[in-house]
Amino acid sequence: MRVVSGTCKGRSLKAVPGNTTRPTTDKVKEAIFNIIGPYFDGGIGLDLFAGSGGLGIEALSRGVDKVIFIDRDPKAVQIIHQNIKACNLAEKTEVYRNDAERAIKALTKREIRFDYVFLDPPYKKQQLVNLMEKLDINNLVNDRGIIVCEHSFEVELPQSVGRFIQKKHEKYGIIAVTIYESGMES
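What you see is a predicted model; the values in this text were computed from it and never measured.

Caption draft 1: Quick look at the pairing of strand β5 (residues 141-152). Across the 12 residues that make up β5, a large majority, nine, are buried. By the bridge criterion, five bridges tie strand β4 (residues 114-119) to β5 in an arrangement that is parallel. Counterpart to phenylalanine 114 in the pairing with β5 is valine 141. As defined by bridge partners, β5 adjoins strand β8 (residues 175-182) across seven bridges and the pair is classed as antiparallel. When the sheet's bridge partners are listed, histidine 151 is paired in β8 with alanine 176.

Written out as structure tokens, the structure reads:
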């Protein structure tokens, strides 16, 4: 696993030990960023099931200003810190050990709004629609913000969830990626 492009291109990233997380492959990561970028002129990202932090670190490497990483696994949080340090990105990050629901409540209280949200929850506990509804209700995504959902190829997500409109759906073997864009607030 490595950073595919940008200022940290080629840096190796550590994976979370064990089989509780499933890192996004370099091929899928490159495909995601070719769709949503490939490079950015600032913005704030949220890597909600961060695992090793690969998606958020890739976003930072490609020009996002700041990323908040959240994972409930203490081993994952430790690896995220190590990967951020290896890429010299500590000043552009916040890392929290928390579950997604609590994290959304905490972020809502801070009134942070995101331009890029990466959702890669455990496939067996499919909760993408529920999470997007919470992001919408709590107004956590800016107008024209992007939500990247990584999920099992067997899962079909709706064309829209709240004000999030599906823009792209691709399959890469057993992995699927569905990308939503936030519409304007009414």
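Caption draft 2: Representation of the layout of surface pockets in the model. Space inside the largest pocket adds up to approximately 620 Å³. What lines the largest pocket is a set of 32 residues, and nearest its centre among them are Phe49, Asp71, Asp120, Pro121 and Pro122. Among the elements of the structure, α2 (54-61), β2 (66-71) and α4 (100-110) are those that each provide at least two residues to the lining of the largest pocket. Its residues assigned to classes, the lining of the largest pocket comprises 12 nonpolar, nine polar and 11 charged.

Caption draft 3: Region of interest: the sheet that holds strand β7 (residues 164-172). Read from one edge of the open sheet, eight strands run β3-β2-β1-β4-β5-β8-β7-β6, paired in mixed fashion. Every interior strand has two partners, whereas the edge strands, β3 (93-97) and β6 (160-161), have only one. Summarising the sheet, β2 and β3 pair through five bridges and their orientation is parallel. Note on β3: the bridge partner recorded for isoleucine 70 is tyrosine 96. Strands in contact with helix α1 (residues 26-36) are β4, β5, β7 and β8; relative to β7, the strand with the most contacts, it is inclined by about 145°. The strands touched by helix α3 (residues 74-86) are β2 and β3; relative to β3, the strand with the most contacts, the crossing angle is about 165°.

Caption draft 4: Examining the side chain of glutamine 166 more closely. Relative to the assigned elements, glutamine 166 resides in strand β7. With relative accessibility at 15%, the residue glutamine 166 sits in the buried group. Beyond its immediate stretch of four places on either side in the chain, glutamine 166 contacts Leu157, Pro158, Gln159, Thr178, Ile179 and Tyr180.

Caption draft 5: Examining the nonpolar core more closely. Counting residues in hydrophobic clusters, the biggest one holds 32 residues, and the most contacted among them are Ile32, Phe33, Ile36, Ile57, Phe69, Phe118 and Val148. Put simply, the parts of the chain that give this core at least two residues each are α1, α2, β2, α3, β4, β5 and β8. Counting 26 residues, the second-largest nonpolar core is a separate cluster that includes Phe49, Val117, Val141 and Cys149.

Caption draft 6: Main features of the environment of glutamate 133. With respect to the helices, strands and loops of the structure, glutamate 133 is situated in helix α5 (residues 128-137). Its relative accessible area of 38% is what places glutamate 133 among the partly exposed residues. Separated by 13 residues in sequence, glutamate 133 and isoleucine 146 place their C-alpha atoms 14 Å apart.

Calculation criteria
- Residues numbered from 1 in each chain as written.
- Predicted model: local features only at pLDDT ≥ 70, side-chain atom pairs only at ≥ 80, totals over all residues.
- Heavy atoms only, no water.
- Buried < 20%, exposed > 50% of the residue type's maximum accessible area, 1.4 Å probe, protein only.
- Helix = DSSP H or I, 4+ residues; strand = E, 2+ residues; numbered from the N terminus.
- Pairing = 2+ DSSP bridges.
- 1 Å grid on protein atoms, 1.4 Å probe; cavity = no way out; pocket = protein on both sides within 12 Å on 5 of 7 lines; lining within 4 Å.
- Points joined across faces, edges and corners; volume = space filled by probe spheres on them.
- Nonpolar A, V, L, I, M, F, W, Y, C, P; charged D, E, K, R; others polar.
- Contact = heavy atoms within 4.5 Å.
- Axes fitted to C-alpha atoms, helices over the stretch in contact; angles between N-to-C directions.
- Core = buried A, V, L, I, M, F, W, Y, C linked by side-chain atoms within 4.5 Å.

These values are about where atoms sit, not about what they do.
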